[in-house]
Amino acid sequence: MTIRKTPKGASRRAFLTSAAAATLGAGAARAAGDPLITEIQPWAQGFGDGVDATPYGLPIEYESDVVRRNVEWLTADTISSINFTPIHALDGTITPQGCAFERHHSGAIDMRKQDYRLMLHGMVEKELVFTYEDLERFPRESHVYFCECAANSGMEWAGAQLNGAQFTHGMIHNMEYVGIPLRTLLAEVGVKPEGKWLYVEGHDASSNGRSIPMEKALDDVLLAFKANGEALRKEHGYPVRLVVPGWEGNMWIKWIRRIEVMAGPVESREETSKYTDTLADGTSRKWTWVMDAKSVITSPSPQSPIPHGPGPMVITGLAWSGRGAITRVDVTTDGGKNWTEARLASEGKAKALTRFYLDLEWDGAEMLLQSRAHDQTGYVQPTKDQLREVRGLNSIYHNNGIQTWWVKADGRAENVEIS
Ligand SMILES: Nc1nc2c(c(=O)[nH]1)N[C@H]1C(S)=C(S)[C@@H](COP(=O)(O)O)O[C@H]1N2
Ligand SMILES: [Mo]
């Protein structure tokens, strides 16, 4: 077995300092003589903050490294750019909006609900413009869905590159949305028989226009205005965004401005020169909408080393599929020779993140950690080499290959590939 390490160079600079700063091999504190046990601490000798101190709370200062981060060399400016969810430091499945990755083509715009308008037009019986208040009067639904940018793991096609699950897999978030099924609004305007596609655009300067086939629009697409119980954050499309479950993030139009019913697709920039997959023979495949099953171990990982010696430890990660629910996740500690079925924290939900755990008695030896997702269609997450056989080396988008972390005896982990 060959281990291919992350190349030293520009990309290595993205490696977070939290890994280096972590204390390795520390033992559990003992009660006898531990002042934290035997002495009354300052926080027990006075009062804490009153309920008026924090009208809207932020994470405690000791968690201040759990933030979105950028990869500076990736984009020329921060206006048309992306940042990454700190998945290495989160647990459970819901991504707090405050640290959920952002992707903008012309920056996050500032818009008041009063100024919001949504136009439905084209091949419809009656063209209509809706205000935010209008939208609030339609029956609502609530669903948890992941949103993954098609470029997630895109920097890893040519080999192990970025040292951290945040950077290799952090173009993803998973939120509980409240919104109106798009089919409800389409029924309101009345789609003419020749209307087979939608063209959807945002209010931002980029507009990020995309074509969506009518079957998907009538199936599970939502016009969402709440995420994780509160209003969408500005970065995620306040006041209204499109939620296109299981499909690539680019189609999840933020600050949605208009929906045009059309006979065919527009073939806009975002679905021709971008978000297509260049195959081994140099041709490009378009309409790769569904995000195939994928998983990653979030801890241990390069930004989340094992902070203790041999003994009990928790391996954990995330799995998801745009085709339905995750039914099983396997974990290997020896680079794929032996696989153990991980424990799903709760039953997989369709098109939503699933948390998995493997509770391990670690012998202290180095490990080649991988996870492999299975979804309800029977699809099994491929290795990176299996993907390359079909896709070649010139792809950017839709990389759902199996990730390897090389965990050393001192608990540190590195992004590698094995063959
Ligand atoms: N209006 C508009 N919608 C947009 C974009 C944009 O730049 N403008 N970016 C798209 C892309 S490429 C992705 S991956 C998702 C990201 O959603 P997020 O910023 O909430 O993470 O939004 C999509 N919707
Ligand atoms: Mo994206």
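Residues numbered from 1 in each chain as written. Chains lettered and ligands numbered in written order. Predicted model: local features only at pLDDT ≥ 70, side-chain atom pairs only at ≥ 80, totals over all residues. Heavy atoms only, no water.

In the nomenclature of an unreviewed UniProt entry, the protein corresponds to Sulfur dehydrogenase subunit SoxC from the organism Poseidonocella pacifica. If you open the UniProt record of the protein and go to Cofactor (unreviewed entry), you find "Mo-molybdopterin". (UniProt positions renumbered as here; feature names shortened; annotations may be inferred.)

K.L.:
Teacher, can you tell me more about the packing of aromatic side chains here?
P.N.:
Centre-to-centre distance and the angle between the planes together describe a pair of aromatic rings. All chains considered together, the criterion is met by 10 aromatic pairs. These aromatic residues form a ring-pair network of at least three members: Trp197, Trp247, Trp287 and Trp289. In this structure, Lys408 is placed above the aromatic ring of Trp406, and the distance from its NZ or CZ to the ring centre is 4.4 Å. (Phe/Tyr/Trp six-rings, centres within 6.5 Å; stacked < 30°, edge-to-face > 60°. Lys NZ or Arg CZ within 6 Å of the ring centre and 35° of its normal.)

K.L.:
Would you mind showing me how to read unusual backbone geometry here?
P.N.:
Note on backbone geometry: most residues besides glycine have negative phi, and most peptide bonds are trans. For the bond from Tyr238 to Pro239, the omega torsion is 5°, close enough to zero to count as cis. Checked against the element boundaries, Pro239 lands in the loop between β11 (230-231) and β12 (241-243). With an omega of 0°, the peptide bond between Ser299 and Pro300 qualifies as cis. Within the fold, Pro300 resides in the loop between β16 (294-299) and β17 (311-320). (Helix = DSSP H or I, 4+ residues; strand = E, 2+ residues; numbered from the N terminus.)

K.L.:
Just checking my understanding: could you explain the side chain of Asn399 for this structure?
P.N.:
Along the chain, Asn399 turns up in the loop between α7 (384-391) and β23 (404-407). Owing to a relative accessible area of 4%, Asn399 belongs among the buried residues under this scheme. In terms of polar contacts, Asn399 uses its side chain to reach the backbone carbonyl oxygen of Ser153, at 3.1 Å. Those residues in contact with Asn399, other than ones at most four positions away along the chain, are Asn152, Ser153, Glu156, Trp157, Lys294 and Leu387. (Buried < 20%, exposed > 50% of the residue type's maximum accessible area, 1.4 Å probe, protein only. Polar contact = N/O pair within 3.5 Å; in protein donor to acceptor, adjacent residues only side chain to side chain. Contact = heavy atoms within 4.5 Å.)

K.L.:
How should I be thinking about the pairing of strand β22 (residues 367-375) in this particular structure?
P.N.:
Walk down a regular strand and you will see the side chains alternate between the two sheet faces. For β22, the buried fraction is high: nine of the nine residues fall into the buried class. Across the two faces of β22 the burial is the same, with Met367, Leu369, Ser371, Ala373 and Asp375 and Leu368, Gln370, Arg372 and His374 all buried. In this structure, strand β18 (residues 326-332) lies alongside β22, joined through six bridges in antiparallel fashion. Residue pairing across strands places Val329 opposite Ala373, the latter belonging to β22. The pairing of β22 with β23 spans four bridges and is antiparallel. Note that in β23 the partner of Leu369 across the bridge is Trp405. (Pairing = 2+ DSSP bridges.)

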